[in-house]
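Spelled out, the chains give:
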Amino acid sequence: MSLIVQVATDQLALVAGDTVPAVHGAAGITAYGWLLVALPLLGAAILLLGGRRTDSWGPLLAVAMSWAAFLVGLGIFLQLLGYAPEERARHLHLFSWVPAGQFNLDAGMLFDPLSLCFVLLITFVGSLIHVYSLGYMEHDPDKRRFFAYLNLFVAAMLLLVTADSYLLVYVGWEGVGLASYLLIGFWNWNPPYASAANKAFVANRVGDLGMGVAIMLMFWQFGAVDFRTVDAGVAHANQGALTAIGLFLLLAACGKSAQFPLQSWLGDAMAGPTPVSALIHAATMVTAGVYLVVRSHTIFDAAPNAQTAVVIVGAITLLFGAIVGCAKDDIKKALAASTMSQIGYMMLAAGLGPVGYAFAIFHLLTHGFFKAGMFLGAGSVMHGMNDSVDMRRFGNLSGVMKITWVTFGLGWLAILGIPPFSGFWSKDKIIESAFVGEGWRPWVFGLATLIGAGITAFYMSRLFFMTFHGEKRWPKDAHPHESPALMTYPMIVLAAGSAFLGLILGPTNGLLHWLEPVVGGHEGEHHPVIPAVPLMIITLLVVAAGVYYAWMRYWRDRVPTTAPAGNLVTVAARNDLYQDQVNEGLLMRPGIHLTRALVFADKRGVDGAVGGLAALIGGTSARVRKLQNGLARSYALTMLLGVLLLVGAVWVMQ
């Protein structure tokens, strides 16, 4: 009750024209910011510990906890709006966490414009996905456990983006990895699904190694791992150390955000229930790497080599995902490849420095809406098509699934970057920023974003046309129908975001001004090597060409129900450009041989030395025991030998 009263008091003050007093610590509703994590975590605990007794009402409790977290986040956002821009960083101290001699780290939460962007995205889109899941998982006997995992994931993700130190970020980082593993492998009675969960878990552990090493290097360089101390110490830090920290943070981001070369797990992760794909692999978890890079912008700004590596990784991944998406017939795997590519755009923007940080977050927010909406649309199609994911067995569903068609279509227009939909305002800004600079960089990275836009237009139009247009290719037992309201309402809300979020945030530059206290403003003028208006026209022409080619191939022409053999490029794309084979040859096989060599060295070396010493002592003691035979003459002889040895020693010493 006190929380509600405080929110009301603060908002009445804002309406009256006053501002909430600016303080450095938590005040007002920010003092209750711990509820962001506590509420969904409590929901997960009740559902997991309550067992079958919570089956009937547990899912509704999980939905309520997620929406409650959204209301808390919304209250904090509204309160921060009442502060001056330079006063919008609120620190909430929780408890003393790591007291270790001269090193003391408190657990705390940081509420600032950057973290609030993620809090609102996670809780709002996440809560819509919770509602959708009520319909999608209605007949699953283990839906209570599923909703518990959803709440656990939301809690871990909120901890990750509100932590005020890298070590506490790492706790949320690992919590997200655990929840992802549990959700991807939710139907683990199916061996491929269990394997997909294991693959995601292992790939993320490689990235987590980078996160751990980066934190160790921070402690060595700065003597601390909290954001404030690290940011303050960057100006006086060793350049090599900063580069190493930046590269290891990038490795962590590659694992969590499915970026090259750790991207191979994302397509297999589609084995989980479709709401999982929307929550984890579209709107939240895969964006954690982008958050980490932008949050660490002071490190990357001071380490240009590491920053360039971020741009290179983003450019490679956006093209990699786009090429793979062109050959996928599985609707969810095609969307997964699209996610990989779009996160590549965000990563590239984050690596451009101050000119790109805000646009990376802008595209992250718009992408969270239109990609989550399309994933839920894919789940709706599966719901009406007997859980089939093969787009070659769809076609002309627009007539029988009108709501799904319209909502999915708005997401499709948004990701293409067609004005005035949201992707136009965010992705085109990244393309424009990529063309800013001198020398070869703007041409290489700018052209990569432009080519990626054209390929994106093709494969997303291919997906849309194969699913909703053209001739019917349904199996005889298929009876496609629209999904229930619990599934379509969240899709409608997300489609509205796909259509209008860009219009709200783009023309006004509201998001750029909101993020300016965290990532800085656009100092001076940044002119792309191709002027903005001609570049926009070129981009739209490239997109139109991609759409037209997809229309000819997959709407006008007949689509075969069996995929043709294809050329070498098509076969390679169907096999994810052989990334699994590369990982197996470069990492897995050498790792197996290294492990076997270490086991051999351990058994024959370490264990062998210990065992040999034990055998020597045991054998010696067995022989010495024989001297204790109980015969007096033997003992007398031993004493005589001892005396002779002593006399001999004395004689030699003289």
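The rules we used
Residues numbered from 1 in each chain as written. Predicted model: local features only at pLDDT ≥ 70, side-chain atom pairs only at ≥ 80, totals over all residues. Heavy atoms only, no water. Pairing = 2+ DSSP bridges. Helix = DSSP H or I, 4+ residues; strand = E, 2+ residues; numbered from the N terminus. Axes fitted to C-alpha atoms, helices over the stretch in contact; angles between N-to-C directions. Parallel < 35°, antiparallel > 145°, perpendicular 65-115°, else oblique. Left-handed = near helix turned anticlockwise from the far one by under 90°. Contact = heavy atoms within 4.5 Å. Nonpolar A, V, L, I, M, F, W, Y, C, P; charged D, E, K, R; others polar. Phe/Tyr/Trp six-rings, centres within 6.5 Å; stacked < 30°, edge-to-face > 60°. Buried < 20%, exposed > 50% of the residue type's maximum accessible area, 1.4 Å probe, protein only. Lys NZ or Arg CZ within 6 Å of the ring centre and 35° of its normal. Salt bridge = Lys/Arg side-chain N within 4 Å of Asp/Glu carboxyl O. Polar contact = N/O pair within 3.5 Å; in protein donor to acceptor, adjacent residues only side chain to side chain.

Chemist: Now, about the pairing of strand 1 (residues 90-100): what can you tell me, with residues and values included?
Modeler: By the bridge criterion, nine bridges tie strand 1 to strand 2 (residues 103-111) in an arrangement that is antiparallel. Residue pairing across strands places Arg90 opposite Phe111, the latter belonging to strand 2. Adjacent in sequence and paired antiparallel, strand 1 and strand 2 are bridged by two residues, among which Gly101 carries a positive phi angle near 65 degrees.

Chemist: Can you lay out the packing of helix 2 (residues 35-50) against helix 5 (residues 143-162) for me, pointing to particular residues and giving the numbers?
Modeler: Helix 5 packs onto helix 2 with a crossing angle of 155 degrees between their chain directions and a minimal axis gap of 8 Å. Between helix 2 and helix 5, the angle is such that the two are roughly antiparallel. As helix 2 runs across helix 5, the sense of the crossing is left-handed. The segment helix 2 lies against helix 5, with Leu36, Val37, Pro40, Leu41, Gly43, Ala44, Leu47 and Leu48 engaging Arg144, Phe147, Ala148, Tyr149, Asn151, Leu152, Val154, Ala155, Leu158, Leu159 and Thr162. Of the residues in the contact of helix 2 with helix 5, the class split is 15 nonpolar, three polar and one charged.

Chemist: Mind laying out the packing of aromatic side chains, listing which residues take part and the relevant values?
Modeler: Within this structure, the stated rule accounts for 29 aromatic pairs. Between the aromatic rings of Phe464 and Phe465, the centroid separation amounts to 6.1 Å while the plane-to-plane angle is 55 degrees, which identifies the pairing as tilted. Its relative accessible area of 4% is what places Phe464 among the buried residues. Overall, Phe465 belongs to the buried group, its relative accessible area being 4%. Joined through ring pairs, the aromatic side chains of Phe146, Phe147, Tyr149, Phe186, Trp187 and Tyr193 make up one cluster. One cation-aromatic arrangement involves Arg90 over Tyr83; the distance from NZ or CZ to the ring centre is 4.4 Å. Of note, Lys427 hangs over the ring of Tyr345, and the distance from its end group to the ring centre comes to 5.5 Å.

Chemist: Would you mind going over unusual backbone geometry in detail, with residue names and values included?
Modeler: Cis rather than trans, the peptide bond between Phe260 and Pro261 has omega equal to 10 degrees. A cis amide bond links Pro419 to the next residue, Pro420, at an omega of 5 degrees. One non-glycine residue, Asn396, adopts positive backbone phi at about 55 degrees. Assignment of secondary structure puts Asn396 in the loop between helix 16 (357-384) and helix 17 (402-416).

Chemist: Kindly report on the pattern of salt bridges, identifying the contributing residues and their values.
Modeler: Taken as a whole and judged by the stated rule, the model has 16 salt bridges. A salt bridge links Asp55 to Arg52; the shortest N-O distance between them is 3.3 Å. Between Asp268 and Lys199 there is a salt bridge, with the nearest N and O atoms lying 2.8 Å from each other. With Asp268 in helix 10 (residues 265-268) and Lys199 in helix 7 (residues 191-222), this residue pair connects regions lying 69 residues apart in the sequence. The class for Asp268 is partly exposed, based on a relative accessible area of 26%. Lys199 sits in the partly exposed class, given a relative accessible area of 22%. In the salt-bridge network here, residues are joined through shared partners; they are Arg52, Asp55, Asp142, Arg144 and Arg145.

Chemist: So what about the side chain of Lys328? Which residues, and what values?
Modeler: Residue placement: Lys328 occurs in the loop between helix 14 (304-325) and helix 15 (331-351). Among the polar contacts listed, one links the side chain of Lys328 to the backbone oxygen of Arg574, at a separation of 3.0 Å. Sequence-distant contacts of Lys328, that is, excluding residues within four places in its chain, are made with Lys333, Ala334, Met391, Arg462, Ala573, Arg574 and Asp576.

Honestly, it's all geometry; don't read function into it.
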